[in-house]
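What follows is each chain in one-letter form.
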Amino acid sequence: MIRATPGLFAAVLLSLFAAGPATGQPMPKRQIVAVADGVYAATGYASNNMGFIVTDEGVVVIDTGMKPEIGREFLADIRKETGKPVRYVIFTHYHYDHVDGAVAFQAPGVQFIAHENLPRNLKTLKGLERVNQTVLGSASEAPTVYPDITYRDSTTLTVGGREIRLYHAMGETDDATLVWLPKERVIFIGDLNNANLGSPVMPEGYPEGFIAAVDLIEGLAPKTLVPGHGRIEETTVASLKAMSTVTAWLMAQVRQSVGEGLDLEATMAAITMPAEFRKDPALAAMFEACREPYVNRLFKNYTGYYGSNPVHFRPAPAKERGALLAELAGGNAALLARARQLAAEGRYQLALELLDIVTTNEPGNREAHAAKEQAFSALARTGKDLNWYHRAAYFNAARKERQLAGDAGKTASR
Ligand SMILES: [Zn+2]
């Protein structure tokens, strides 16, 4: 069996990031782009974009990248543009890929600024890193840098005669900051335009807040928008409006389905692209990107943690169900054989559902874990309509099953 080395793993994960989490567009190349006089977008730092503003009194930095090395590389690139000291670092939100480079900027005289919800979110994340690993593969080891200055609704920073306005926004997270330069008409929007409405493995995603934030941005009439991921030229007021239109439409549809008592599967099936979106390529593309994650998120927002099927209110213990199904199927070996057959037919999801019963019944079943690894890998490679999160989750699930298959083998040969 070929074992992925940590280096290979990092390379594969980075390639997963290559299509930005925000809207899935290709990753821009690493470069510093002047978007206005003294205002720079720094694109392509792994999957992230950052920014900085050079004033007579020093530099204001926007976001820091996904790890300390990237923060250091970003700072070195800022140094090539200006010798002025960094005065402030603004976090657009608390996600690791924006804050984990912060340690590189810690120095006397540097102050970190964020929305007041950000410290709470960083603390909450500390306990949830294992959940996050489902997608990210490994928990971040970067030291946490908490903000020195926080604000509630909005605040204005005047540095070296430049006016920088910070607005609180909610979209992907509840601690988003929009960084607006009124004179230059440039706005840094962080990950507001996340086509997943928040990470599927995190408690977040604020559709109403997102729509309000897009209205705010439209009202400001920016000339240039700098997103936290993806190409600058592809993020416009029009693209945000398209996402906001799709969001409002999906909210209404999901509410209606839930009101009619449909379950998630029936809701998903009932929601197809309306004719008015089909006519407009921007709306059609946004609908394709947002439909599945938004419907999942919204359905759970509207139905609560029980979902809508009373059979699932208090499910029977998995081991009891698993034992019963194995008995009916003729044993775990029969389930495993059928799962392999399904995988050979390319029906990986069904195969995984059977294999999950086998590994619930027999956690040390090495063959079942190996079959799961293959099915997850196949889904990561060949699954239809996958977004960045699906791919990363399948890739990491395959990696975990590979470990379990090895561990189970070691136990068995003892
Ligand atoms: Zn991000």
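Going by the structure above, here's the rest.
As a starting point, this report considers the structure included with it. (Residues numbered from 1 in each chain as written. Predicted model: local features only at pLDDT ≥ 70, side-chain atom pairs only at ≥ 80, totals over all residues. Heavy atoms only, no water.)

### Comments concerning the overall build of the protein
For the record, the criterion: Helix and strand definitions follow DSSP, with helices as H or I runs of at least four residues and strands as E runs of at least two, each counted in order from the N terminus. Each residue's exposure class comes from its accessible area (1.4 Å probe, protein chains only) as a fraction of the maximum for that residue type: buried when under 20%, exposed when over 50%, partly exposed otherwise. Should any heavy atoms of two residues lie within 4.5 Å, those residues are considered in contact. Note that accessible areas follow from Shrake-Rupley with a 1.4 Å probe, and for residues the cover is restricted to the protein chains shown.
In terms of helices and strands, the protein carries 14 helices and 12 strands. Within the protein, buried positions represent 51% of all 414 residues. A fraction of 65% describes how many contacts in the protein between residues 6 or more apart in sequence connect residues 24 or more apart. In the structure as shown, the protein presents an accessible area of about 19,400 Å², 54% of it carried by carbon and sulfur atoms.

### Comments concerning the packing of helix H11 (residues 332-344) against helix H12 (residues 348-361)
Where we set the bar: For every element, the axis is a line fit to its C-alpha atoms; helices are fit only across the contacting stretch, and the angle between N-to-C directions ranges from 0 to 180 degrees. Every angle not falling under 35 degrees, over 145, or within 65 to 115 is termed oblique; those three ranges are roughly parallel, roughly antiparallel and roughly perpendicular. By definition, any crossing whose near helix is turned counterclockwise from its far helix by less than a right angle is left-handed, and any crossing with a clockwise turn is right-handed.
One way to put it is that H11 packs onto H12 with a least axis distance of 8 Å and a crossing angle of 160°. Relative to H12, the element H11 is oriented roughly antiparallel. For the pair H11 and H12, the crossing hand works out as left-handed. For the pair formed by H11 and H12, the contact residues are Asn332, Leu335, Leu336, Arg338, Ala339, Leu342 and Ala343 on the first element and Tyr348, Leu350, Ala351, Leu354, Leu355, Ile357, Val358 and Asn361 on the second.

### Remarks on the coordination of the zinc ion
To keep it simple, the criterion reads: Counted as coordinating are nitrogen, oxygen and sulfur atoms within 2.8 Å of the metal, or 3.2 Å for Na, K and Ca, while water is not included, which may make sites look incomplete. Note on geometry labels: four donors, all angles 85 to 135 degrees, give tetrahedral; four donors become square planar and six octahedral when opposite donors are over 155 degrees apart and every other angle is between 65 and 115; remaining cases are irregular.
Here the zinc ion is held by the protein donor atoms Asp97 (OD), His98 (NE2), Asp191 (OD) and His229 (NE2), which lie 2.0 to 2.2 Å from it. For the zinc ion, the four donor atoms in the first shell make angles of 84 to 172° at the metal, so the coordination geometry reads as irregular.

### Structural notes on a nonpolar patch on the surface
Worth spelling out the cut-off: Only residues whose relative accessible area exceeds 30% and that form no salt bridge enter a patch; like-charged residues are grouped when within 9 Å of one another, and nonpolar side chains (Val, Leu, Ile, Met, Phe, Trp, Tyr) when within 5 Å. Throughout this description, the term salt bridge denotes a Lys or Arg side-chain nitrogen within 4 Å of a carboxyl oxygen of Asp or Glu.
Together, Tyr305, Tyr306 and Phe313 make up a nonpolar patch on the protein surface, roughly 390 Å² of accessible area in all. Residue position: phenylalanine 313 is located in the loop between helix H9 (281-303) and helix H10 (318-329). Judged by its relative accessible area of 36%, phenylalanine 313 falls in the partly exposed class.

### Details of the pairing of strand S9 (residues 162-169)
Selection criterion: Two strands are said to pair when DSSP picks up at least two bridges between them.
Of the pairings in the sheet, the one linking strand S8 (residues 154-159) to S9 comprises six bridges and is antiparallel in character. When the sheet's bridge partners are listed, threonine 155 is paired in S9 with leucine 166. Where S9 folds back on strand S10 (residues 176-181), the antiparallel hairpin that results is connected by six residues.

### Side note on helix H5 (residues 207-220)
Each turn of an α-helix holds 3.6 residues, which means side chains three or four residues apart point in the same direction. The following threshold applies: What a helix is expected to span follows from its residue count: subtract one and scale by 1.5 Å. Along the arc lie the directions from the helix axis toward the C-beta atoms.
The first and last C-alpha atoms of H5 sit 20 Å apart over 14 residues, in line with the 20 Å expected at 1.5 Å per residue. Buried within H5 we find Pro207, Gly209, Phe210, Ala213, Val214, Ile217 and Leu220. Each buried residue of H5 sits inside an arc of 155° when the element is viewed along its axis, so together they form one side. Away from its buried face by more than 90 degrees, H5 exposes Glu208 and Gly219. Buried residues along H5 sit in contact with S9, S10, strand S11 (186-190), strand S12 (224-227), helix H6 (237-259) and H9. Alanine 221 sits one or two residues past H5 and shows a positive phi near 55°.

### Digging into the sheet that holds S11
If you trace the five strands from one edge of the open sheet to the other, you get S8-S9-S10-S11-S12, paired in mixed fashion. Looking at strand neighbours, the two that pair on one side only are S8 and S12, the edges of this open sheet. Ignoring which end each strand starts from, the neighbouring axes of this sheet average 20° apart.

### Some points on the pairing of S11
What counts is decided by this rule: Crossovers are described as right-handed under a simple rule: with the strands pointing away from the observer, the path leading from the first strand over the helix to the second runs clockwise.
For S11, a buried count of five out of five residues is recorded, marking the element as mostly surrounded by other parts of the structure. One ladder, built from three bridges, connects S10 with S11; its direction is antiparallel. Among the inter-strand pairings, valine 179 is bridged to a residue of S11, identified as phenylalanine 188. Turn length for the S10-S11 hairpin, with the two strands adjacent in sequence and antiparallel, is four residues, and the turn residue arginine 185 shows positive phi of about 55°. Direction of pairing for S11 relative to S12: parallel, over a ladder of four bridges. Its bridge partner being in S12, valine 186 is matched across the sheet by threonine 224. With H5 bridging S11 and its parallel neighbour S12, the resulting β-α-β unit is right-handed.

### Overview of the sheet that holds strand S7 (residues 149-151)
If you trace the seven strands from one edge of the open sheet to the other, you get S1-S2-S3-S4-S5-S6-S7, paired in mixed fashion. The two strands at the open ends of the sheet, each matched to only one other strand, are strand S1 (31-36) and S7. The average undirected angle you get between the axes of adjacent strands in this sheet is 20°. One ladder, built from five bridges, connects strand S3 (residues 48-55) with strand S4 (residues 58-62); its direction is antiparallel. Note on S4: the bridge partner recorded for glycine 51 is isoleucine 62.

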